[in-house]
Amino acid sequence: MSDQGNEVRVAAIRVSHCESEDVESAVLEVLATQAQNRRATSDKTYHLILSFPTGEAPPTRSLHAIEDRVGEALGFAGHQRVSVVHQDT
């Protein structure tokens, strides 16, 4: 159960630009890639939240297209990422 009182927070997970599709392995892969950057001293993880109005639940295909478009617009096309759809917020 989450700290918000909901039993299931995660509706879907998408791994992009990693060798592994397994979430735990992909996270390790991302961390290993980040460790190669010795110049940056701050957190190398970028967190982005996209929110939709209450009741709006775009289909998976649309969410993937939105994610890809936003990532490209931010200059992150081709970057490793783990994306999570939450259904409790």
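The notes below deal with the structure included here.

Conventions adopted
Residues numbered from 1 in each chain as written. Predicted model: local features only at pLDDT ≥ 70, side-chain atom pairs only at ≥ 80, totals over all residues. Heavy atoms only, no water. Helix = DSSP H or I, 4+ residues; strand = E, 2+ residues; numbered from the N terminus. Expected span 1.5 Å × (residues − 1). Buried < 20%, exposed > 50% of the residue type's maximum accessible area, 1.4 Å probe, protein only. Arc of directions from axis to C-beta. Contact = heavy atoms within 4.5 Å. Polar contact = N/O pair within 3.5 Å; in protein donor to acceptor, adjacent residues only side chain to side chain.

Here we look at helix α2 (residues 60-73)
- Between its terminal C-alpha atoms α2 stretches 20 Å, which fits the 20 Å expected from 14 residues at 1.5 Å a residue.
- Among the residues of α2, those classed as buried are L63, E67 and G71. Mapping the buried residues of α2 onto a view down its axis gives an arc of 65 degrees, with all of them on the same face. Pointing more than 90 degrees away from the buried face of α2 are the exposed residues R61, R69, E72 and A73.
- Residues of α2 that are buried in the fold lie against β1 (10-16) and β2 (81-86).
- Downstream of α2 by one or two residues, G75 has phi in the positive range, about 85 degrees.

As for the environment of T33
- Relative to the elements of secondary structure, T33 occurs in helix α1 (residues 23-35).
- Under the relative-accessibility criterion, T33 is labelled partly exposed at 36%.
- Expressed as a C-alpha distance, the spacing of T33 and V84, which sit 51 residues apart in the sequence, is 20 Å.
- At 3.2 Å, the side chain of T33 forms a polar contact with the side chain of Q80.

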